[in-house]
Amino acid sequence: VGALLVAIEGELDEALIEQIWQGRRRPRGHLIPQLLVAQEGHRSAGALRCLRVVRIAVVDEYRRQGVAMALIDHAETWAREKGVELMGAAFAAAAPLLSFWQANGYQVVRIGTQLDPVSGSYALLVLKGISRVGQEGVEEWWQQFFHDYPYIRKGWLHKISPSVETLLFNQAPTTVPDHLPEDRLWQNLYGFAFYHRPY
């Protein structure tokens, strides 16, 4: 009645993580660490073991009966047994999809910078920490996403769906840092000035 396809990603070595951060490499088969390191600058994410949900589908007559949630729950249990630290998914920013992932405890840590030509939506990246290290990482990246949100909302994110934005802020963190740590600011500036990192 349902199927779940996952991919194991991450556990990249330091040299490759540095090249990804610089914008010089885009290794295939590592979407979550690639996005977190290259686009968001979270270098520590590259070394973590990730489980990405590639596809999830349920037969029409069995939908809205908890099958998909049960599949996700089973995958999380399996992930804990295998030493996975993060679990996540990337998908078009539609309110029903976002609501499903939020109901399963996943947090938005990234919105893509361009509208997808097929879906007409921005892409969302949601994550859930499986291990303690993973939980701490997701918490930090989630807070940074909301720290950055006012800036990106005034720029390229002006066409975001109001229903998606409402869901985002229904699960916003209670506290958001006023500013990033100084070493992180310098790292961002250095990457923009000397490598292929976004502004």
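Preceding this section is the structure that the text describes.
None of the values given here were measured: they were computed from a predicted structure.

K.L.:
Help me understand the packing of helix α5 (residues 132–154) against helix α6 (residues 162–170), please; the structure alone is not making it clear to me.
P.N.:
Two numbers describe a pair of packed helices, the interaxial angle and the distance between the axes. Between α5 and α6, the shortest axis-to-axis distance is 12 Å and the interhelical angle comes to 150°. Comparing their axes, α6 and α5 come out roughly antiparallel. Taken as a pair, α5 and α6 cross one another with a handedness that is left-handed. Along the contact surface, α5 presents F145, F146, Y149 and R153, while α6 presents E165, L168 and F169. Grouping the constituent residues of the contact of α5 with α6 by class yields 5 nonpolar, no polar and 2 charged.

K.L.:
Looking at this structure, I do not really get the sheet that holds strand β4 (residues 107–111). What am I missing?
P.N.:
Two orientations exist for strands paired in a sheet by backbone hydrogen bonds: parallel and antiparallel. Reading across the sheet, the 5 strands line up as β1-β2-β3-β5-β4 and stay open at both edges, with mixed pairing between neighbours. Edge strands, defined here as strands with exactly one partner in the open sheet, are β1 (2–10) and β4. When the angles between neighbouring strand axes are averaged without regard to direction, this sheet yields 30°. Alignment of β4 against strand β5 (residues 123–129), held across 4 bridges, turns out to be antiparallel. Across the sheet, residue R110 finds its bridge partner in β5, namely L125. Lying over the sheet, helix α3 (residues 67–81) contacts β1, β2 (49–58), β3 (86–92) and β5, oriented at roughly 160° with respect to β2.

K.L.:
Teacher, can you tell me more about the environment of D13 here?
P.N.:
Within the secondary structure, D13 is located in the loop between β1 and α1 (14–22). Among the residues examined, D13 registers a relative accessible area of 48% and is labelled partly exposed. Between the C-alpha atoms of D13 and G46, which are 33 residues apart in sequence, the distance is 7.8 Å. Of note is the side chain of D13, whose polar atom sits 2.8 Å from the backbone nitrogen of L16.

K.L.:
How should I be thinking about the side chain of E40 in this particular structure?
P.N.:
Looking at where E40 falls in the secondary structure, it is placed in the loop between α2 (31–39) and β2. Once residues within four sequence positions are removed from consideration, E40 is found in contact with L35, V109, R110, Q144, R184 and R197.

K.L.:
Mind showing me how you'd approach a nonpolar patch on the surface here?
P.N.:
Taken together, the side chains of Y151, W186, L189, F192 and Y199 present a nonpolar region at the surface, about 670 Å² in accessible area. Ranked by the residues each element gives to the nonpolar patch, the list is headed by helix α7 (residues 182–194), at 3 residues. Along the chain, Y199 falls in the segment after α7.

K.L.:
Mind showing me how you'd approach α2 here?
P.N.:
A turn of α-helix holds 3.6 residues, and therefore any two residues three or four places apart point the same way. Among the 9 residues of α2, 7 are classified as buried, and the element is accordingly described as predominantly covered. Every buried residue belonging to α2 is among I32, P33, Q34, L35, L36, V37 and A38, and all of these are buried. One or two positions beyond α2, positive phi appears at G41, with a value near 80°.

Reading the values: rules and limits
Residues numbered from 1 in each chain as written. Predicted model: local features only at pLDDT ≥ 70, side-chain atom pairs only at ≥ 80, totals over all residues. Heavy atoms only, no water. Axes fitted to C-alpha atoms, helices over the stretch in contact; angles between N-to-C directions. Helix = DSSP H or I, 4+ residues; strand = E, 2+ residues; numbered from the N terminus. Parallel < 35°, antiparallel > 145°, perpendicular 65-115°, else oblique. Left-handed = near helix turned anticlockwise from the far one by under 90°. Contact = heavy atoms within 4.5 Å. Nonpolar A, V, L, I, M, F, W, Y, C, P; charged D, E, K, R; others polar. Pairing = 2+ DSSP bridges. Buried < 20%, exposed > 50% of the residue type's maximum accessible area, 1.4 Å probe, protein only. Polar contact = N/O pair within 3.5 Å; in protein donor to acceptor, adjacent residues only side chain to side chain. Patch = residues over 30% accessible without salt bridge, like charges linked within 9 Å, V, L, I, M, F, W, Y side chains within 5 Å. Areas by Shrake-Rupley, 256 points an atom, 1.4 Å probe, with all protein chains shown as cover. Salt bridge = Lys/Arg side-chain N within 4 Å of Asp/Glu carboxyl O.

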